[in-house]
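# Chains, contacts and geometry: an overview
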Amino acid sequence: MSKPLKDKAKEEMQDWQVMFAEWANEAPEGPLKRFYQAGMIAPETALRDTPLLALDLETTGLDPSKDEIISLGLIPLNHQIIRCQGAQYWMAKPERSLNAESVTIHEITHSELAEAPPLHAILDDILVALTHQVVVVHCVAIERQFLLEAAMKVYGYPLYFPVIDTMDIERQVTFKPWWKRFGRQPSLRLDACRQRYKLPRYKAHHALTDALSSAELLQAQIAHHMDPNAAISRYWV
């Protein structure tokens, strides 16, 4: 359980501070430009000093090009403390009807979304919450891509932000080549990852609960596999 993460090669380390400065020049005037102008922490900032924000989305499906965000939860944390009083939660009314399969998963119904604002009406507030934060998610391919697509639609320019991906951390620390293991690789689902650290089981597929679940999982991973004094560039993607 205490297997440390491998160091990244120098060419794999991204400087989000430099990239934010470039996008601040390119982005159209408005909330997204201000988001980039606020900047990002320096890559040499220690993980223990990094402002972290756990994020989770519920969507109408898994295809960011056609499916929509219907709820989003955020919880601030650091390597030791989760600040639940700073949690934020939004629901967003989709443009198209929910399909039965997605309702079965997230259990959000048409009636619950009937009075919710559309995503474009709350995206400015979400940007403010994300400003100057390193986002913590469980599966970067979902959360970052859905928000990128939403920003393209609303602002005409992509939204990028640095992420610590708890799924990828777990993939690295549980990976064994085939000749060292029997059967399949361990599950990387959020609940399965949490069980390996003896964390409590929560009902899944509520954006705020899953954000909390990701925050707790990251703290467990830091305790077992990561160095809080290491530069954040070692861990962000």
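Quick look at the structure, then.

Conventions and cut-offs
Throughout, a residue's number is its position along its own chain's written sequence, starting from 1. Local features in this predicted model are restricted to residues of pLDDT 70 or higher, and side-chain atom pairs are both shown and tallied only at a pLDDT of 80 or more, whereas totals for entire chains, interfaces and linings draw on every residue. To obtain the side-chain values, all non-hydrogen atoms of the structure were included, while hydrogens and water were left out. Any carboxyl oxygen of Asp or Glu that lies within 4 Å of a side-chain nitrogen of Lys or Arg is treated as forming a salt bridge with it. Only DSSP runs of H or I with at least four residues qualify as helices, and only runs of E with at least two residues qualify as strands; both kinds are numbered from the N terminus onward. Buried, partly exposed and exposed residues are distinguished by accessible area as a fraction of the type maximum, computed with a 1.4 Å probe on protein chains only: under 20%, between the cut-offs, and over 50%, respectively. Grouping buried Ala, Val, Leu, Ile, Met, Phe, Trp, Tyr and Cys residues that are joined through side-chain atoms within 4.5 Å yields what is termed a nonpolar core. In this description, contact between two residues means that some pair of their heavy atoms is separated by no more than 4.5 Å. As defined here, a cavity is a set of points on a 1 Å grid over the protein atoms alone where a 1.4 Å probe fits but cannot get out. A pocket is an open set with protein on both sides within 12 Å along at least five of seven lines, and residues line them when an atom is within 4 Å of a point. Grid points are joined across faces, edges and corners, and a volume is the space filled by probe spheres set on the points. Three classes are used, and their members are as follows: Ala, Val, Leu, Ile, Met, Phe, Trp, Tyr, Cys and Pro are nonpolar, Asp, Glu, Lys and Arg are charged, and the others, Gly among them, are polar.

Our focus in this paragraph is the pattern of salt bridges. Scanning the model with the defined rule gives five salt bridges in all. For Arg171, the salt bridge is made with Asp168, and the minimal N-O distance between the two is 2.5 Å. Taken together, the residues Arg171 and Asp168, both in helix H7 (residues 166-174) and three residues apart, mark about one turn of the helix. Using a relative accessible area of 41% as the deciding quantity, one classes Arg171 as partly exposed.

For the rest of this paragraph, the subject is the nonpolar core. Core analysis: the largest hydrophobic core is formed by 65 residues, its most contacted members being Phe35, Tyr36, Leu130, Leu159 and Leu218. Each residue touching Tyr36, except ones within four places of it in the same chain, is listed here: Phe20, Trp23, Ala24, Ala27, Tyr157, Pro158, Leu159 and Tyr160. Formed by five residues, the second largest nonpolar core is a distinct cluster that contains Ile70, Ile108, Leu113 and Ala116.

Counted as a void, the largest pocket has a volume near 810 Å³. Secondary-structure elements contributing two or more residues to the lining of the largest pocket are strand S1 (52-59), helix H3 (100-106), helix H6 (140-155), helix H8 (190-196) and helix H9 (207-225). Residue composition of the lining of the largest pocket, by class: nine nonpolar, nine polar and eight charged. Estimated volume of the second largest pocket: approximately 340 Å³. Looking at the lining of the second largest pocket, the elements that each hand over two or more residues are helix H5 (119-130) and H6.

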